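# Report on the structure
Listed here are the chains, written in short residue letters.
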Amino acid sequence: MGIIIDGKTLAKEKREELKKKVQELKDKEEIVPGLAIIRVGNDPASEIYVRNKLKACQEVGIHAVEQHFDENASEQEIIERIEFFNQEKSIDGILVQSPLPKNLNEKKIVSFILGSKDVDGFGINNLGHLLANQEQVLAATPLGILHLLEKYEIPIASKNVLVIGRSQIVGRPLAIMFLNRDATVTIAHSKTKNLKELTLQADILVSAVGRPHFITADMVKEGAVCIDVGINRENGHVIGDTDFDTIKEKASFITPVPGGVGPMTVATLLENVYELASTRKKEK
Ligand code: NAD
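Predicted, not measured: the structure shown is a model, and the values here were computed from it.

Turning next to the overall build of the chain. Each helix and strand counted, the chain has ten helices and eleven strands in total. Since a compact globule built from 284 residues should have a radius of gyration of about 19 Å, the 19 Å found for the chain is in line with a globular shape. Considered along the principal axes of its C-alpha atoms, the chain spans approximately 60 × 45 × 40 Å. Out of the 284 residues in the chain, the part that is buried amounts to 47%. At a minimum sequence separation of 6, the contacts of the chain that also span at least 24 residues come to 72%. Approximately 14300 Å² of the chain is accessible, and the part contributed by carbon and sulfur atoms is 50%.

The structure is reproduced here in C-alpha cells:
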C-alpha cells in the first residue's frame, strides 16, 4: 500500500511556522503583511473560499480585507478598486476570487493588479517569468503540490510527469514548474486522445480535471505518485478525480481528497503574502 500524503498536517505546520515569521516581521520591521481579496457576486463556493482565506489570514496575523461587489458591478468599478489597492502601502497582495460573473472579463480585470502584488501569480508578468524559468510569485495550488513532493522527498528531475488539465490556475503553471525542475512533462486536456496510454507512462500523475472517478486503478502505473487536485461532490461527500481506495494499493504515494492538495493551497497563499510583505520597504 502506498503512503498517503498528509496535506492537512503539513499545511498546519506551515501555518504555525508562518505565524512566527509574521510576528518577527512585525517586531523587527514593523510590517504587517496585507492581503486584499476582491469578490464579485454571490457564488456560494467563492463565499466559502474567501471566508476560509480571511480566517486563515487572521490566524497567522496577516491583515486581510475583503472588497465585495454585487453581481451588477462594472469592470471599471472593480478596476478602480484594484488601482486603489495597487497604491495602498499596507496591502502586499491582491487577488480576485474566481469565477467572476460571466459578463465580466476576468483576464482583463486581473491584468490591472500590479505584478509585484499579484499574490496568486495569475498575471501575465508572473506567468512570463515562470515560462522563462525566472520564477517569481507562483500560483498557490501548484506551488503547494511542489511543497508536498518536497516534504515527502519525492524526486522530480528526470521523472515522467503527466499533468491532466491545462487551466491557467493549476495545470498550465504546474506543468511549467515541473519542466523548470527537469521533469519530462506531458500535458493532457479535453482534446487528448488515448489518455490511458499516457497515464500508464507517468511516474508522477496529476489530475486537475474536476470529474469524479476520472482516474481508475487500471490507468495507474505500479509505484506511481498520484496527486489529486480535483474537488467534486458525490452523495454529499467531497471526493477527488481519482479512485483513492483502489489506487492507493498501487501507487507509491497518493494524496487524499479532502486533506491532500486543498489545505496546502491556502497555506501557500499565505506564504506568498508573507514573501511579498517581506520585500516591502519600511516606511521612514
Ligand atoms: P478547469 O475546469 O479550468 O480545467 C479542467 C481541465 O480539465 C481543462 O483544462 C480540461 O482541458 C481538462 N479536461 C476536461 N476533460 C478532460 C478529459 N476528458 N481528458 C483530459 N483532460 C480533460 O478547472 P481547474 O480550475 O483547473 O480545476 C480543476 C479541478 O481542480 C476542479 O475540480 C477544481 O475544483 C479543483 N481545484 C482544486 C484546488 C485545490 O486547492 N485543491 C484548486 C483549484 C482547483
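This part is about the site of the ligand. In the vicinity of the ligand, 20 residues are found, and the nearest of them are Arg166, Ser167, Ser190, Ile231 and Thr265. The contact in question runs from a nitrogen atom of the ligand to an N or O atom on the backbone of His189, over 3.3 Å. Alone, the ligand offers 860 Å² of accessible surface; in the complex the protein occludes 73% of this. Among the elements that make up the shell around the ligand, the one with the highest residue count is helix α10 (residues 261-277) (three residues). Residues that form the shell around the ligand fall into these classes: nine nonpolar, nine polar and two charged.

Right, let's get into the sheet that holds strand β8 (residues 225-228). Taken together, six strands build an open sheet; the order of strands is β1-β11-β8-β7-β5-β6 and the sheet is parallel. Each having just a single partner strand, β1 (3-4) and β6 (184-188) make up the two edges of the open sheet.

Looking at chain direction, strand β5 (residues 160-164) and β6 are connected through five bridges and run parallel. Residue Val161 lies in a different strand from β6, and its bridge partner there is Val185. Traced from β5 through helix α7 (residues 171-180) to β6, the parallel crossover comes out right-handed.

A few words on unusual backbone geometry. Note the cis peptide between Ser98 and Pro99, where omega equals 0°. Topologically, Pro99 is positioned in the loop between β4 (93-96) and α4 (106-110). Of the consecutive residues Val257 and Pro258, the connecting peptide bond is found in the cis state with omega at 0°. Relative to the assigned elements, Pro258 resides in the loop between β11 (253-254) and α10. The residue Glu153 is not glycine, and still its phi comes out positive at about 50°. Structurally, the position occupied by Glu153 is in the loop between α6 (140-151) and β5. Although it is not a glycine, His213 adopts a positive phi angle of roughly 60°. With respect to the element layout, His213 can be found in the loop between β7 (204-207) and β8. When its relative accessible area of 40% is taken as the criterion, His213 is described as partly exposed.

Here we come to the pattern of salt bridges. Inspection of the entire model under this criterion finds 14 salt bridges. When the shortest N-O distance is used, the salt bridge between Lys55 and Glu59 registers 3.7 Å. One end of the pair is Lys55 and the other is Glu59, both in helix α2 (residues 44-60) and four residues apart, which spans about a single turn. Judged by relative accessible area, which is 51%, Lys55 ranks as exposed. Among the residues examined, Glu59 registers a relative accessible area of 38% and is labelled partly exposed. When the shortest N-O distance is used, the salt bridge between Lys221 and Asp203 registers 2.6 Å. Remark: Asp203 occurs in the loop between α8 (195-199) and β7 and Lys221 occurs in the loop between β7 and β8; sequence separation between them is 18 residues.

One pass over the structure, following the stated rule, counts two aromatic pairs. Where Tyr152 meets Phe253, the ring centres are 6.1 Å apart and the plane angle is 75°; that geometry is what we call edge-to-face. With Tyr152 in the loop between α6 and β5 and Phe253 in strand β11, the pair connects residues that are 101 residues apart, well separated along the chain. Arg81 extends its terminal NZ or CZ atom over the ring of Phe85, reaching a point 5.0 Å from the ring centre.

This brings us to the packing of helix α1 (residues 7-29) against α10. Two elements in contact, α1 and α10, have axes separated by 9 Å at closest approach and are oriented at 20°. Considering the angle they form, α1 stands roughly parallel to α10. The hand of the α1/α10 crossing is left-handed. Of the residues in α10, those touching α1 at Gly7, Lys8, Leu10, Ala11, Lys14, Arg15, Leu18, Lys21, Val22 and Leu25 are Pro263, Met264, Ala267, Leu270, Glu271, Tyr274 and Ala277. Looking at the contact of α1 with α10 residue by residue, the class counts come to eleven nonpolar, one polar and five charged.

Definitions and cut-offs
- Residues numbered from 1 in each chain as written.
- Predicted model: local features only at pLDDT ≥ 70, side-chain atom pairs only at ≥ 80, totals over all residues.
- Heavy atoms only, no water.
- Helix = DSSP H or I, 4+ residues; strand = E, 2+ residues; numbered from the N terminus.
- Rg over C-alpha atoms; globule rule 2.2 N^0.38 Å.
- Buried < 20%, exposed > 50% of the residue type's maximum accessible area, 1.4 Å probe, protein only.
- Contact = heavy atoms within 4.5 Å.
- Areas by Shrake-Rupley, 256 points an atom, 1.4 Å probe, with all protein chains shown as cover.
- Near = heavy atom within 4 Å.
- Polar contact = N/O pair within 3.5 Å; in protein donor to acceptor, adjacent residues only side chain to side chain.
- Nonpolar A, V, L, I, M, F, W, Y, C, P; charged D, E, K, R; others polar.
- Pairing = 2+ DSSP bridges.
- Right-handed = clockwise from strand over helix to strand, strands pointing away.
- Salt bridge = Lys/Arg side-chain N within 4 Å of Asp/Glu carboxyl O.
- Phe/Tyr/Trp six-rings, centres within 6.5 Å; stacked < 30°, edge-to-face > 60°.
- Lys NZ or Arg CZ within 6 Å of the ring centre and 35° of its normal.
- Axes fitted to C-alpha atoms, helices over the stretch in contact; angles between N-to-C directions.
- Parallel < 35°, antiparallel > 145°, perpendicular 65-115°, else oblique.
- Left-handed = near helix turned anticlockwise from the far one by under 90°.

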